[in-house]
Protein chains: 2
Amino acid sequence: MPFVDNIGFLMSRASGQLVRATNAALADEGLRVRQYSVLALVCESAQGESQRDLAEVLGLDPSQVVALVDDLDRAGLVERRPSPADRRTKLVVPTDRGRAVRERAAERADARLTDALGALTAAEQETLRALLARVVDLDVTPRVSP
Amino acid sequence: MPFVDNIGFLMSRASGQLVRATNAALADEGLRVRQYSVLALVCESAQGESQRDLAEVLGLDPSQVVALVDDLDRAGLVERRPSPADRRTKLVVPTDRGRAVRERAAERADARLTDALGALTAAEQETLRALLARVVDLDVTPRVSP
DNA sequence: TATTGTTATACTCTATAACTATA
DNA sequence: TATAGTTATAGAGTATAACAATA
């Protein structure tokens, strides 16, 4: 099989395309996709997310999350709040402005993403999504003590 | 739809997983996936590939290809040869050692890739590959004068 | 005038190690 | 002793701009 049909190569190129398209869509809101992913997650959370949990879900090193939260904090989109349960932990919560920006950003990003996936029908996009979800295997083991 | 189901996010995570797995597989041969992709392409080519064509197929900037070919050249895996047709163009061709290394590297990389895609059946992997190919749209316009 | 390869530069992303404060 | 957050650093990847040789 020719190299250009290699599934890893195709995945890498496709991912790059989607990231570039999303970054372009988010530029108007002053965001990049990694910052946006943190903002989106904390906007979906009820009481805020610890940086450790953000790192796990996003597949990033905790030290990277620090920088991303710093960016969002500086932009006034999120805040760090002390966790009532554990004084080591900081819960990242969105500000009102953060929620508003997230909503606009989501619309723009989704529109561009749909565009970038225009070669596929809606059903095919759904198939692709399901297959990717199984490759990634986000089944985070429930956090019970071992 | 929760952010973790976003197709762009899933693609990015999946791509990262595959790249890491492939890089780990290639480490024994002293290669990384980007260098390997150049080596694989020139090994498949009859008379060698120009750096411009490599850049187009790989979706890279020509200046990045210079560095990758430099790496492979330094390792004795490829050579730059003058094109008989155009003195600006250099054709990148594999050395005998380059071909041998490429063969071993391909085996290792493919094995690891299959492993990383273990959650999917062979048929599902093929479906995924076909969908990705359409997203990427490698249909390079035939190089006829406009 | 346009294209191929090249150099240079800057920024983003990824990967580790080590430190602090808490548990 | 282990975990959450943080700082620091280095390397890899991405993105542009400009230049020489050639078409």
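Residues numbered from 1 in each chain as written. Chains lettered and ligands numbered in written order. Predicted model: local features only at pLDDT ≥ 70, side-chain atom pairs only at ≥ 80, totals over all residues. Heavy atoms only, no water.

**Some words on the nonpolar core**
In terms of nonpolar packing, the biggest core is built from 77 residues, with Leu128(A) and Leu128(B) touching the most fellow members. Contacts of Leu128(B), omitting those with residues within four sequence positions, involve Ile7(A), Met11(A), Leu128(A), Leu131(A), Leu132(A), Val135(A), Leu117(B) and Leu120(B). (Core = buried A, V, L, I, M, F, W, Y, C linked by side-chain atoms within 4.5 Å. Buried < 20%, exposed > 50% of the residue type's maximum accessible area, 1.4 Å probe, protein only. Contact = heavy atoms within 4.5 Å.)

**Focus: the UniProt feature "domain: HTH marR-type" (unreviewed entry) in chain A**
UniProt's entry tags residues 4-137 of chain A with the feature "domain: HTH marR-type" (unreviewed entry), counted in the numbering of this structure. For the annotated span residues 4-137 of chain A, helix accounts for 66% and strand for 9% of the residues, and the straight-line distance between the end C-alpha atoms is 25 Å. (UniProt positions renumbered as here; feature names shortened; annotations may be inferred. Helix = DSSP H or I, 4+ residues; strand = E, 2+ residues; numbered from the N terminus.)

**Remarks on the relation of the copies chain A and chain B**
Take chain A, turn it by 180 degrees, move it 0.0 Å along the axis, and it overlays chain B with an RMSD of 0.0 Å. Here the transformation between the copies is reduced to the relation of a two-fold axis. By residue overlap, the copies meet face to face through one surface: 100% of the interface positions of chain A are interface positions in chain B. (Least-squares fit on C-alpha atoms with pLDDT ≥ 70 in both.)

**Re the protein's contact with DNA strand D**
Around DNA strand D there are 19 residues in total, and Gln51(A), Arg52(A), Ser63(A), Arg88(A) and Lys90(A) lie nearest to it. Of everything in DNA strand D that lies within 4 Å of the protein, sugar and phosphate atoms constitute 75%. Between DNA strand D and the protein, one listed contact pairs a base oxygen with a side-chain N or O atom of Arg88(A) at 2.7 Å. Here a sugar or linking oxygen of DNA strand D sits 3.4 Å away from a polar atom, N or O, in the side chain of Arg32(B). Ranked by the residues each element gives to the surface near DNA strand D, the list is headed by helix H4 (residues 62-74) of chain A, at 3 residues. Grouping the amino acids of the surface near DNA strand D by side-chain chemistry returns 2 nonpolar, 6 polar and 11 charged. (Near = heavy atom within 4 Å. Polar contact = N/O pair within 3.5 Å; in protein donor to acceptor, adjacent residues only side chain to side chain. Nonpolar A, V, L, I, M, F, W, Y, C, P; charged D, E, K, R; others polar.)

**Some remarks on the pairing of strand E3 (residues 90-94) of chain B**
All names here are of chain B. Of all 5 residues in E3, 4 are buried; the element is thus mostly enclosed. Bridge count for strand E1 (residues 49-50) against E3 is 2 bridges, and the pairing is antiparallel. Counterpart to Ser50 in the pairing with E3 is Leu91. Where strand E2 (residues 78-82) lies against E3, 5 bridges are found, and the strand directions are antiparallel. Within E3, the residue paired with Val78 across the bridge is Pro94. (Pairing = 2+ DSSP bridges.)

**Some thoughts on the interface of chain A and chain B**
A common measure of how large an interface is: the accessible area buried when the components associate. Counting residues at the interface gives 44 residues for chain A, matched by 44 residues for chain B. Carbon and sulfur atoms supply 74% of the area that chain A and chain B bury against each other, a total of about 4,200 Å² over both sides. At the junction of chain A with chain B, the criterion picks out 4 salt bridges. Residue Glu124(A) pairs with Arg134(B) through a salt bridge whose shortest N-O separation is 2.9 Å. Linking chain A with chain B are 12 residue pairs in polar contact (both at pLDDT 80 or more), by the criterion used here. Those elements that provide at least two residues to the side of chain A that touches chain B are helix H1 (7-26), helix H2 (33-44), helix H3 (51-58), helix H5 (96-116) and helix H6 (122-136) of chain A. A per-class count over the side of chain A that touches chain B returns 27 nonpolar, 9 polar and 8 charged. (Buried area = accessible area lost by both parts, 1.4 Å probe. Salt bridge = Lys/Arg side-chain N within 4 Å of Asp/Glu carboxyl O.)

**Digging into the side chain of Gln35(B)**
Residue and element names in this part refer to chain B. Structurally, Gln35 can be placed in helix H2 (residues 33-44). When its relative accessible area of 14% is taken as the criterion, Gln35 is described as buried. Engagement of the side chain of Gln35 in a polar contact is seen with the side chain of Asp71, the distance being 2.8 Å. Setting aside chain neighbours within four positions, we find Gln35 in contact with Leu68, Asp71 and Leu72.

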